[in-house]
Amino acid sequence: MKPFIPHKLPIDELIEVKYFMKELLNSVEKITEYQTMLKNTKMNPDLLLAPITIKEALQSTKIEGTQTTLDEVLESEADDRIKSKDVREVLNYYEALNKGRELLNTLPISTRLFKELHKTLLSGDVRGKDRSPGEFRKIQNFIGPEGCSIERATFVPPEPQLVDEYMSNLENYINTDDDMHELIKIAIIHAQFETIHPFLDGNGRIGRILIPLYLYYKGKIYQPNFFISDTLEKDKHKYYKLLNETRTKNNWNEWIKFFLKAAAEQAEKNIKLIKDVESLYEKQVELATNTVRSTNIIKVVDEIFNRPIFTVKSIKKNTGLSDSTVRHYLSKLEDINMIYADNSLRDKRYYFYDLLDIIR
C-alpha cells in the first residue's frame, strides 16, 4: 500500500449540503439548546462541565484502546497514589483540553497549538512518551491492527516530507472564513487531520480535542465544552470506516452526515445530563443545609459535585475549610447517606454515588 495523497482543502466541489441538511439543522438546534441550558443554569456551569469533561477524556482515550473506568480516574484524582498508565493517559487528555482553552486566548488554532497539545498529551509515563511529543513525524507511519506490517495496513498516511505542507493547508482552511457552516467544516477538519496523521502517536485524541476547540474558536459555543467522543466510541467501527471512505471513495457526504448525527445525539445526552444534575443539586443542597446549619456546607456540596470521588484532603484544599470542619461536615453527610466512604484507615475516599450514577 502506497502513502495516501489527500485532497488539499477546501473541497467544496465534493460536498453536497442538501444530502445532510436535515442532520445539520437538527444538530444546530440541539447544540443551541445545550448551550442555552448551560448559560441559564442556576448552578455554577463549571460544576456541570467538570464531570462531562472527565467523561470526554475517558471516552476519547477508550477509542484508542485505553482500559480504565470513570471511577478509577476520579479515584486517582482524589489522592496522590500511583496512577496507572491508562489513568495517566486520561488525565493527560483532560489537561490538554484545558491547555487548549488557555492557548486560544493568545494563539489561533495553528501548528504551534497542535504541537503544544501533543506535548501535554504524551507527557509523563504513558504509551507514546518516546514517540516525539510535540513534533510532527519525520518517518512514515500507518494504521492497522496491532502488530501488522505496512503491507497489511488499513491506511498509510502521506509521506513525512509532505506533513508540513498539508498541515499548513489545514491551518489556512481553519482560519479562513467562508460560507460553510462551522459544524460541516469541523467534520471536514477532523477527517483531514486524521488523514494527514501528523504525529507518530496520539492523532485520534488530538483530532477529537480539536472539535470543541474549533467550535469555541468560531464562537459557536461559549466554552470549549461540546464533546462527541462518547457517541463516537459507541459507534467506533462505523466512525473508522466512514473516515476511511473519505479517502478511498471520496465519500465526504456520508461522513459529514454521520458526524452531524453524532453531534445531535451527544447534545441530547448532555441536555438530559444537565437536567438530571440540576435536579440532584437542588435536592442535595436542601438536604445538606438542613443537616449542617452553616453556609460553608455549600462549598463542600459544590466540591463533591465538581469531583464525586474525594478525600478530606482534596475537599480541604479546594474549599479552604479547616481539617476538623471538613471531617465534621463529611461525617454529617455520611449519617444521612448522601455520601459513602471506603474502609481505609488512612486517606479514606468518599463516593457521591447519586452523581456517579448519572455520569457513568
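Residues numbered from 1 in each chain as written. Predicted model: local features only at pLDDT ≥ 70, side-chain atom pairs only at ≥ 80, totals over all residues. Heavy atoms only, no water.

- Per an unreviewed UniProt entry, the protein chain goes by Adenosine monophosphate-protein transferase SoFic and derives from Caloramator mitchellensis.

### Observations regarding the UniProt feature "active site" (unreviewed entry) in the protein chain
So, step 1. What UniProt calls "active site" (unreviewed entry) maps, in this numbering, to H197.
So, step 2. With respect to the helices and strands, H197 occurs in the loop between α7 (182-196) and α8 (203-217).
So, step 3. When its relative accessible area of 13% is taken as the criterion, H197 is described as buried.
So, step 4. Once residues within four sequence positions are removed from consideration, H197 is found in contact with R137, N141, I143, P157 and N203. (UniProt positions renumbered as here; feature names shortened; annotations may be inferred. Helix = DSSP H or I, 4+ residues; strand = E, 2+ residues; numbered from the N terminus. Buried < 20%, exposed > 50% of the residue type's maximum accessible area, 1.4 Å probe, protein only. Contact = heavy atoms within 4.5 Å.)

### Comments concerning the layout of surface pockets
It is the rolling of a water-molecule-sized probe over the atoms that shows where space remains empty.
So, step 1. By volume, the largest pocket is sized at about 1,300 Å³.
So, step 2. For the lining of the largest pocket, the secondary structure elements donating two or more residues are α8 and α10 (236-248).
So, step 3. In terms of residues, the lining of the largest pocket owes the most to one element, α10, which gives 6 residues.
So, step 4. Its residues placed into classes, the lining of the largest pocket shows 10 nonpolar, 12 polar and 11 charged.
So, step 5. Counted as a void, the second largest pocket has a volume near 430 Å³.
So, step 6. Secondary structure elements with two or more residues in the lining of the second largest pocket: α3 (70-78), α12 (297-306), β1 (309-310) and α13 (312-319).
So, step 7. Classifying every residue of the lining of the second largest pocket by side-chain character gives 5 nonpolar, 5 polar and 10 charged. (1 Å grid on protein atoms, 1.4 Å probe; cavity = no way out; pocket = protein on both sides within 12 Å on 5 of 7 lines; lining within 4 Å. Points joined across faces, edges and corners; volume = space filled by probe spheres on them. Nonpolar A, V, L, I, M, F, W, Y, C, P; charged D, E, K, R; others polar.)

### Details of the side chain of T195
So, step 1. Within the secondary structure, T195 is located in helix α7.
So, step 2. Once you skip the residues sitting within four places of it in the chain, T195 turns out to touch F4, P6, F155, P157, P158, T246 and R247.

### Observations regarding the packing of α7 against α10
So, step 1. One can describe the packing of α7 onto α10 by two numbers: an axis separation of 10 Å at closest approach and a directional angle of 80°. It follows from the interaxial angle that α7 and α10 lie roughly perpendicular. Residues H190, A191, E194 and T195 of α7 form the contact with α10, whose own contacting residues are Y239, L243, T246 and R247. (Axes fitted to C-alpha atoms, helices over the stretch in contact; angles between N-to-C directions. Parallel < 35°, antiparallel > 145°, perpendicular 65-115°, else oblique.)

### Considering the environment of P160
So, step 1. Examined against the element boundaries, P160 turns out to sit in the loop between α5 (111-121) and α6 (163-174).
So, step 2. Along the primary structure P160 and H118 are separated by 42 residues, whereas in three dimensions their C-alpha atoms are 17 Å apart.
So, step 3. Ignoring anything within four residues of it in the chain, the contact list for P160 reads R137, K138, I139 and Q140.

### Structural notes on empty space enclosed by the protein
So, step 1. The tally for this structure, following the rule as stated, stands at 1 cavity of 30 Å³ or more.
So, step 2. Together, F4, P6, H7, Q192, T195, T246, R247 and W252 line the largest cavity.
So, step 3. When residues of the lining of the largest cavity are traced back to their parent elements, those giving at least two are α7 and α10.
So, step 4. In terms of residue class, the lining of the largest cavity is made up of 3 nonpolar, 4 polar and 1 charged.

### A look at the packing of α5 against α8
Pairs of packed helices are described in terms of their axes, by the angle between the two and the distance that separates them.
So, step 1. Where α5 contacts α8, the axes come no closer than 11 Å and their chain directions differ by 125°. The angle between α5 and α8 places the two elements in the oblique class. Taken as a pair, α5 and α8 cross one another with a handedness that is right-handed. Listed contacts from α8 to L113, F114, L117, H118 and L121 of α5 are R205, I206, I209, L210 and L213. (Left-handed = near helix turned anticlockwise from the far one by under 90°.)

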